[in-house]
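Descriptive analysis of the structure
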Amino acid sequence: PLLSLIDASLSTLVAMENLSAPRKYAEKEAFVTGHDGTNPLEIFLLCLAVPIGLRLYSKLTSYVSHTNKRYYWIEIAIEFATLILPNLLLQTSLLPYIIGPSALHVCMSILSHILPQHHKQSHQNKVNNNNIINRPPFLTVHRATIYIQTAIAILAVDFPIFPRRYCKTEIGGYGWMDLGAASFIIIAGWSSSSSSTASNNMSTIKSMRKAVIKCAPLLLLGIIRLITIKGVEYQEHVSEYGVHWNFFFTLCCVEGSMVAWKHIKGRHFSLTLPWDGMLTCLLMMVYQLYLSIGGGQDFIENGPRQCSSDDSNWLSLCSAFVANREGILGIFGYLSLRLLSESMARYCIWPKVDASTITELRQWRLLIASVAFWAAHVFLTSVLGVSNSRRSTNVPFILWSMAQNTSVLCLIHFAMTSMGEPVQSAPRIFMSINRSGLPVFFVSNILTGLVNLLVDTIHSSNEKAMLVLSIYLMAVCALSQLLGKLFDKKRAADNKVD
């Protein structure tokens, strides 16, 4: 009888768990969907932690002697406390709406101004100055900042401590997480624009090889993400990219299209004309006309997820398209964003001028570009009445993404060039993340899934959420440092061979 009772109890528990699993899935899915966002000002305030923290970080590290055996760990601790931890705090409800982020920034600014500057050059700058991979340090800092902020958001969103107004917007508006995918596209365009001229003269075979090298890892990551999410029944935000699509597929299509466009442009067009800018304007105009006049916006927001047809082959293709319409149609918006970011970077980040004047010229051009993008966005949304839509990746969203990222890059550039002696390299963690961005981001996604499987995130207290997020963030930073050490060893070995 006792064994029968135990067996019956276990069967009941299993049955209850099987019944509760769909409810948990639906509860988690509802937790991250159906949100309207916030306003551009609050989102902009979330991005100021790094531009403001850079001065504080520089002053604190200048007080530590590089002869100290623990210099490396002290510098890492200072970087985590002044540049990374504030980004975590800003993405929580611990700081009240607008007032909280503003107060944090003011406190960090006051502290950085109170501390006197120690004039000894940072040891990090001497060590890492040669590790800059054809990229100025302010661009390295911005690129790593995007990875850090995104890594925080993808896990924090599953906890109640993450404000719901920061979630991805369902229809229109401004969400903090809306900027993630767009920022990745922008930093890819800013980074690749320095070498785009060289790639224009590649042969067809070399261009195809380059496309495969760029797209194959992204396609593989997209397939792995699709299989794992469907396999473990992880909660999905279907209106983000669709039923089966994800950001890796979008990035794969954009990268492949860019390689093909550069090859065609280099072989068949005169390089004296701004073909990238002309194609960008054409794509944005045609795509926005389709969304506003051709019914595209209504189709994306309200269209069905399945087609009805007598032709089974057509039905499969049609259903695949409508099920993933956000991701597929969004390629046009993200491709426009990539082209626009490259065109802007050639003018603002990689100007062909003397080294003695490039710093001041960059600052002014970044400032002008920021004002121009904000003005164009306000004109479209306030004057023409075109709402900002992450879901369709429309022109207002493209301009807002460019305005946001360009403004932050301008502030980072100003912070790193106005400290008495300009900063020669990025902080250690930022440098490591910049080198191994894609592996770090992929592991962050895996860790996010593991935490959700092991922790009841949506019912976690603020204290538990902060503990889990802090451990997770330290693990991500530790991974980046490990990969950075491996990168340095490999480079040293290659130099010995040469």
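Above this text sits the structure in question.
Residues numbered from 1 in each chain as written. Predicted model: local features only at pLDDT ≥ 70, side-chain atom pairs only at ≥ 80, totals over all residues. Heavy atoms only, no water.

Some details on the packing of aromatic side chains
To describe a pair of aromatic rings, one takes the distance between the centres and the angle between the planes. Stated precisely, the cut-off is as follows: Note on ring pairs: Phe, Tyr and Trp rings are taken, using the six-membered ring of Trp, and paired if centres are within 6.5 Å. Classes follow the plane angle, with under 30 degrees stacked, over 60 edge-to-face and the rest tilted. Helix and strand definitions follow DSSP, with helices as H or I runs of at least four residues and strands as E runs of at least two, each counted in order from the N terminus. Burial here depends on accessible area, computed with a 1.4 Å probe over protein chains only, as a share of the maximum for the residue type. Under 20% is buried, over 50% is exposed, and the range in between is partly exposed.
For the structure shown, the criterion picks out eleven aromatic pairs. For the ring pair Phe184 and Phe441, a centre distance of 5.0 Å and an interplane angle of 50° mean the geometry is tilted. Within this pair, whereas Phe184 is found in helix α8 (residues 179-192), its partner Phe441 is found in helix α20 (residues 437-454), the two being separated by 257 residues in sequence. A relative accessible area of 8% means that Phe184 is categorised as buried. Its relative accessible area of 10% is what places Phe441 among the buried residues. Taken together, a centroid distance of 6.0 Å and an interplanar angle of 15° make the contact between Phe299 and Phe321 stacked.

Describing the pattern of salt bridges
Selection criterion: When a carboxyl oxygen of Asp or Glu is within 4 Å of a side-chain nitrogen of Lys or Arg, the pair counts as a salt bridge.
Overall, the coordinates contain 13 salt bridges when judged by the stated rule. Arg338 is the partner of Glu342 in a salt bridge, and the nearest nitrogen-oxygen pair spans 3.3 Å. Separated by four residues within a single helix, Glu342 and Arg338 lie in helix α16 (residues 325-348), roughly one turn from each other. The residues Glu342 and Arg338 share a single accessibility class, namely buried. Measuring nitrogen to oxygen at the nearest pair gives 3.1 Å for the salt bridge that ties Glu342 to Arg346. You can see Glu342 and its partner Arg346 sitting in helix α16, four residues apart, about one turn around the helix. The class of Glu342 is buried, set by a relative accessible area of 0%.

Notes on the side chain of Ser389
Spelled out, the test is: In the analysis that follows, any N or O atom pair within 3.5 Å is treated as a polar contact, provided that within protein one partner can donate a hydrogen and the other can accept it, and provided that, for residues neighboring in sequence, both atoms belong to side chains. By definition, residues are in contact when any of their heavy atoms lie within 4.5 Å.
As for its position among the elements, Ser389 is in the loop between α17 (358-383) and α18 (395-417). A polar contact of 3.1 Å, which involves the side chain of Ser389, links it to the side chain of Ser392. Other than its neighbours up to four places away in sequence, Ser389 contacts Ile171, Gly172, Gln297, Asn394 and Phe397.

Description of the state of the cysteines
Here is the rule we go by: When two cysteine sulfur atoms are found within 2.5 Å, that pair is recorded as a disulfide.
The tally for this structure, following the rule as stated, stands at zero disulfides. With no disulfide of its own, Cys348 has Cys410 as its nearest cysteine by sulfur position, at a separation of 9.2 Å. Overall, the relative accessible area of 7% leaves Cys410 in the buried class.

Considerations on helix α13 (residues 275-292)
One full turn of an α-helix is made of 3.6 residues, so residues set three or four places apart face in the same direction. To keep things clear, this is the line we draw: Residue count minus one, scaled by 1.5 Å, sets the expected span of a helix. The directions considered for the arc are those from the helix axis to the C-beta atoms.
The first and last C-alpha atoms of α13 sit 26 Å apart over 18 residues, in line with the 26 Å expected at 1.5 Å per residue. Every buried residue of α13 is listed here: Asp276, Thr280, Leu283, Met284, Tyr287, Gln288 and Leu291. Summarising the axial view, the buried residues of α13 lie within an arc of 120°, below the 170-degree limit, and thus occupy one face. Contacts from the buried residues of α13 go to α12 (247-268), α14 (296-302), α16 and α18.

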